[in-house]
Amino acid sequence: MKKSANARFTIHTWDEKPYSEGQDQPRLTRASVTKAYTGDLEGEGQVEYLMMYRSDGSAAFVGLERVVGRIGGKPGTFVLQRTGVFEGGQAQESYSVIPGSATGDLRGLLGDGSSAVGHGMEHPFTLSYELA
């Protein structure tokens, strides 16, 4: 039976640097980001994003995020795989728990979700999940 964890996250750090760019080529960047979660998910996340920016400022991105914290009071860690696009000032993203990545009392965690957020420091986060 799936449950839903509703939380909010704040971005603590965003360190983005280009690693490949050239004339008439999309710019490629890597961003190291740290987050704090509050709500049904409490803890911290560290994500590495790889992004490709188009000349119009839109972007496509992928990321892996390790979350250390508690869901429903159960402690552990897990890794989210994130994919999305940034267009019109909004990031639309889908994410899922990578099977086999959870530890502690969260071992066996499966889940996914999606979001659409704009610029800002605090954002909603929902994870539909189950513990296998």
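Before any of the text, the structure's been laid out above.
Keep in mind that what you see is a predicted model, and the values were worked out from it rather than measured.

Peer 1: Give me the lowdown on the packing of aromatic side chains, citing residues and values where you can.
Peer 2: A full pass over the atoms with the stated rule returns 5 aromatic pairs. Taking the centre distance of 5.7 Å and the plane angle of 50 degrees together, the rings of phenylalanine 9 and tyrosine 37 count as tilted. With a gap of 28 residues between them, phenylalanine 9 in strand 1 (residues 3-20) and tyrosine 37 in strand 2 (residues 27-39) connect regions that are remote in the sequence. Aromatic pair tyrosine 95 and phenylalanine 125: ring centres 4.9 Å apart, planes at 15 degrees, arrangement stacked. In this pair, tyrosine 95 is assigned in strand 6 (residues 90-97) and phenylalanine 125 in strand 8 (residues 122-131), connecting sequence segments 30 residues apart. The same class applies to tyrosine 95 as to phenylalanine 125, namely buried. Site record: aromatic cluster; members linked through ring pairs are Phe9, Tyr37, Tyr95 and Phe125. Over the face of the ring belonging to tyrosine 19 we find arginine 30, whose NZ or CZ atom lies 5.0 Å from the ring centre.

Parameters and conventions
- Residues numbered from 1 in each chain as written.
- Predicted model: local features only at pLDDT ≥ 70, side-chain atom pairs only at ≥ 80, totals over all residues.
- Heavy atoms only, no water.
- Phe/Tyr/Trp six-rings, centres within 6.5 Å; stacked < 30°, edge-to-face > 60°.
- Helix = DSSP H or I, 4+ residues; strand = E, 2+ residues; numbered from the N terminus.
- Buried < 20%, exposed > 50% of the residue type's maximum accessible area, 1.4 Å probe, protein only.
- Lys NZ or Arg CZ within 6 Å of the ring centre and 35° of its normal.

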